[in-house]
Amino acid sequence: MARGQARLTLAGLRISGKIFSAILGAMPLAASSAASQRRPTVPAAASFHETEFLDCVDAQHITFESHCDFTKAIFHKGAIWNGSKFGSLNMQCARIEEQANFDNITVRNSATLDGLECNAFFQFVNGSVGGSLSFKYAKLAGIWTTHTVVQGNLDMSNADLHRKAVEAAGALARFDGTTIEGDATFTATKFPFETTFGGYADMNAAKFNGRVDFSESQFGTPEAGGRHLLQQLDLAKTSFNNCVFHGRVSFAGSVFAQRPDLSNIRVHSGPAHQPAAKDQNDARFPESNLDLSNVRLPQGATLRNIDVVGSMTISFSDLAGELEVSGIRVSDRLLITNTTFQYLPFDAKAGTIAIVRCQFAKGGVVGTSTNSLQIIESDARQPVSIVAEDGAERTFLTSLSRTNLENFTFVGLDFSRTSLTGSVNLEKIRIQGQFRFLRSPRFFGTGREAIFDEAVFRASRRIGWRWRRHASTNASRHDNPQAVAGSYRALRKNREDSKDEPGGADFYYGEMEMRRIAARTLSAEWGLLTAYWLISGYGLRAWRAVSALTLFVFAGGLALEAYGFRSTSPGGMDSALLFAQTSIGLARLPDNLTSAGSFLFIAGRIACPALLALAALAVRGRLKR
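Residue positions are given per chain, counting from 1 as you read along its sequence in written order. Local features in this predicted model are restricted to residues whose pLDDT is 70 or higher, and side-chain atom pairs enter the listing and the counts only when it is 80 or higher, whereas totals over whole chains, interfaces and linings include all residues. The basis for every side-chain value is the complete set of heavy atoms in the structure, and neither hydrogens nor water enter the calculation.

Visitor: Got a minute to help me understand the overall build of the protein in this structure?
Guide: Secondary structure elements follow DSSP: runs of H or I of four or more residues count as helices, runs of E of two or more count as strands, with numbering from the N terminus. In terms of helices and strands, the protein carries nine helices and 53 strands. Among the 625 residues that make up the protein, the fraction classed as buried is 53%. Throughout, a contact is declared for two residues whenever any of their heavy atoms are within 4.5 Å. In the protein, the proportion of contacts linking residues at least 24 apart, taken out of those at least 6 apart, comes to 41%. To be clear on the numbers: accessible area is Shrake-Rupley with a 1.4 Å probe, and residue cover counts the displayed protein chains and nothing else. When the accessible area of the protein is evaluated, it comes to approximately 27900 Å², of which 50% is carbon and sulfur surface. Here's how the labels work: a residue is buried when its accessible area is under 20% of the maximum for its type, exposed when over 50%, partly exposed in between, all with a 1.4 Å probe on protein chains only.

Visitor: Explain helix α3 (residues 452–459) here, please?
Guide: Since there are 3.6 residues in each turn of an α-helix, residues three or four apart along the chain are aligned in direction. Summarising burial for α3: eight of the eight residues are buried, a large majority. Along α3, the positions that sit buried rather than exposed are Phe452, Asp453, Glu454, Ala455, Val456, Phe457, Arg458 and Ala459. Packed against the buried residues of α3 are β52 (438–439), β53 (449–450), α4 (481–497) and α5 (505–518).

Visitor: Please clarify how the sheet that holds strand β9 (residues 74–75) should be interpreted in this entry.
Guide: The strands that make up a sheet are held in pairs by hydrogen bonds between backbone atoms, and each pair lies either parallel or antiparallel. An order of β2-β6-β9-β12-β16-β20 is seen for the six strands of this open sheet, with the pairing classed as parallel. Two strands lie at the open edges of the sheet, namely β2 (14–15) and β20 (139–140), each paired on one side alone. Between any two strands, pairing holds if DSSP finds at least two bridges. Alignment of strand β12 (residues 95–96) against strand β16 (residues 117–118), held across two bridges, turns out to be parallel. By the bridge assignment for β16, Ile96 is matched with Cys118.

Visitor: Help me understand the sheet that holds strand β43 (residues 340–341), please; the structure alone is not making it clear to me.
Guide: Ordered by their spatial adjacency, three strands build an open sheet running β43-β45-β47, and the pairing between neighbours is parallel. Of all the strands in the sheet, the pair left with one neighbour each is β43 and β47 (379–380). Across two bridges, the pairing between β43 and strand β45 (residues 359–360) is parallel. For Thr340, the partnering residue across the bridge sits in β45 and is Gln359.

In structure tokens:
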């Protein structure tokens, strides 16, 4: 055995560090490329089955030319195998109670560490495995495999990588820079607080050249949360079915070459306070709990049944074909940005949904259930329907800023908090279902339909106290009433083009109100618009025209009685009746008029028909189809 000719067998023994060092020292020596001195070599197979190592095993740069078996071995003080070489390695059900350093090791064939228990952080950096590497059912207090190359398959199914009840951010699993030539299996694996497959600026992404399966895995813990980076990965056939992520997870920049299984994923935001996690890496980590920024998906990909307690970001680069998004449920904000969609069937529920800088090339149907929907700087080349889901609470559309509305149809949405200023082609917007604009405040009645931009503008003025309950406190102030008038004009044109002139009456009223407010006080335009408003409500308030006519007739009758006749006047009511009849052509002018009386009758013959026409116009505007 000392010459390495026979099998080295220490199975079932309890060995101190000195005895083990003496045994290895008795082995033949060979030059080591990792060190400038000769190192022990074990040419034959070695068996340490159920061996107990009482001291730390410091066996660096040892070469085991054949199979090395540590099945059910116990390392009480840890093991350091840095730079060692193995023909093949079996550590099934072994236990390492302290440090575990397997950096720079080389396994010519396969390495089996199924059921391995390690109470310390397991280091496997810069390793090389010529066959497959298996950690099935292993229990480790973290793992580090950076720059390790596995020529065969990697199997970590049912492994627990945070075996200890690790407090907050102490647990770590680093796979950045790892290369797996075969398939990688992580089914039902429990990952620790921080899991990195690539993403930080100083890290290379892991390389998976075969199938990757994360089905039913758990990342982080409910108690500590977590942060998990799967960024910049190039993945072939991949499954994340039934995965649970605690804390935050980012797939930013990853490429899925084949249709991935991204269904039944749950993301929980974790505890509200994570003081141990607030380090320099945390500051660089995406804020969303589920980050799909700049992800590349193949044609026919689906996102289905994803639950996020927290926020979610979607941004797909170079989306080649159709994408189906259904069953997305986000408790806070869902941000969809910088994506050109082909035909898009979309179904999502979130506290807030923001669609920012998106293109809809072939149209689609976007079903939403949310308190607040924002569509900003977006465009649709084909018809797109934005639909409030049946049975959902009221969905408020809060912004259409710089969005081209030509091909958008909105069904069942509430526009009472919508900022329309800055939208494009507002006159071509299509709204189906009940109109849900806000109502202007008034002392009695329901008020006219008004847009949110007017409420915000009026609430910012000293006399706008009645409008402040309609304007949210965080809304941006509108200092340009002409822009608000333009929005009203576009909505009025939209209703009139749809053969619904009564439906556009309130928008015309709002347009004229904004024009009157925008006009310089005491200017001719301001005076004309103010008179038009007082007398007839811009030709839309019949009761004002009738009231003005009544007042004018009584005032004319009183003036006629006092100054209109050379001789005795007919009396107060008779003068008013005579004035009204004569003004509308039902009676002849009296012969005993003074110059003032003649002037009064001339004014009456102009004003009374005009006021009657305004009243008729107002009635017609409300009834015309």
